[in-house]
Amino acid sequence: MTAAIDDTIAAPAAVATTRSRASVFARFSAYLQAAPLALILGAFLLLPILMIAVVSFWDYDFAAMYPDFITLNYAETLGSWVTWKTYLNTLKYAAIVWALTIFIGFWVAYYLAFHIRTTTMQMVLFLVCTVPFLTSNIIRMISWIPVLGRNGLVNSALVGSGIIPAPIEWLLYSDFAVVLAMVHLYTLFMVTPIFNTLMRIDRSLVEAARDAGATSWQILTNVIIPLAKPGMAIGTIFVVTLVMADFSTVQVMSGGQSASVALMMKNQMSLLQYPAAAANAVVLLVLVLLMVAGILRIVDIRKEL
């Protein structure tokens, strides 16, 4: 009788011990599985960012950098009106390109998701949209030069048809050319997440809204767009971060007449002003992170992920 009572008492304790060991093993296994990705992110993301932040406080001259802890680089970055104008110009590009890409990207994704009935044709047309991206950004950007130039295809067609008496000068080497090239380069980064979100929308919701008497515009504004917000937010993050970090498009398509923060950093590095460029990189990173944080506060993209 006593042995039976002891076995009854020991059984729950053994089960608890086994569960505790299983919990510890599961926790250790989870950490072990996440370790490779954590090491990669630490070595190739966090460590370089930390090095940039450290170098931003160093001193430098025309010949070398000197390990130190000074705030002069940040004072020159944040205290210069030229730098502020450059940041405002970069934000202007980001806002215009974002507005155009989200407009174009949404309607392209909407057409593919709701007006193409077969999945096969949807995938075919989506792959057609990706064909230009099989070439490099530089080639796609430079391809606009013979199109927009003074003697390019557009001006030749307009002058030849008698629509304009002389070539239009602002088509190339202007803010218009920069924005056009960026929209061409980054629209797919908006189409893809929006298309993915629209494909996940339950079509019965649209049918229910239509049966309730909603017009096509009401279905679009009250059903489809609210459900597409996670994809639009992801596309916004992609486009904004790419535009903020782009320097080659601004340099080539503006003919050196416009500036951006990334281009300013590139020029600083070419002059061996690495601490000043690092300070600008830290400020730009903080600005982009604040913008991303604002987007995440407005839209919960975890629904998409």
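Residues numbered from 1 in each chain as written. Predicted model: local features only at pLDDT ≥ 70, side-chain atom pairs only at ≥ 80, totals over all residues. Heavy atoms only, no water.

- In the annotation of an unreviewed UniProt entry, the chain is listed under the name Putative spermidine/putrescine transport system permease protein and assigned to Mesorhizobium australicum.
- In its Subcellular location (unreviewed entry) section, the UniProt entry covering the chain states "Cell membrane". (UniProt positions renumbered as here; feature names shortened; annotations may be inferred.)

**Examining helix 4 (residues 119–130)**
So, step 1. For helix 4, built from twelve residues, the straight-helix expectation of 16 Å at 1.5 Å per residue is met to within 8% by its first-to-last C-alpha distance of 17 Å.
So, step 2. Regarding helix 4, the residues found buried are Gln122, Phe126 and Thr130. Projected onto a plane normal to the axis of helix 4, the buried residues spread over an arc of 80° and lie on a single side. Exposed positions of helix 4 whose direction lies more than 90 degrees from the buried face are Thr120 and Leu127. (Helix = DSSP H or I, 4+ residues; strand = E, 2+ residues; numbered from the N terminus. Expected span 1.5 Å × (residues − 1). Buried < 20%, exposed > 50% of the residue type's maximum accessible area, 1.4 Å probe, protein only. Arc of directions from axis to C-beta.)

**Some thoughts on the pattern of salt bridges**
Opposite charge on two side chains makes pairing possible when the charged atoms of those side chains draw close.
So, step 1. Summed over all chains, the structure comprises three salt bridges.
So, step 2. Of the charged contacts in the structure, one is a salt bridge between Lys92 and Asp175, with a shortest N-O distance of 2.9 Å. Residue Lys92 is found in helix 3 (residues 81–115), and its partner Asp175 is found in helix 8 (residues 175–186); the two are separated by 83 residues along the sequence.
So, step 3. The salt bridge partner of Glu207 is Arg210, with a shortest N-O separation of 3.3 Å. Pair noted here: Glu207 and Arg210 are both in helix 10 (residues 203–211), with a separation of three residues, about one helical turn.
So, step 4. Take Glu207: its relative accessible area is 42%, and that puts it in the partly exposed class. (Salt bridge = Lys/Arg side-chain N within 4 Å of Asp/Glu carboxyl O.)

**Focus on unusual backbone geometry**
Excluding glycine, residues mostly carry a negative phi; peptide bonds, for their part, are mostly trans.
So, step 1. Even without being a glycine, Tyr173 presents a positive backbone phi close to 55°.
So, step 2. Positive phi values are uncommon outside glycine, yet Leu272 reaches one of about 65°.
So, step 3. Among the structural elements, Leu272 can be located in the loop between helix 13 (261–270) and helix 14 (274–298).
So, step 4. By relative accessible area, Leu272 is classed as partly exposed at 41%.

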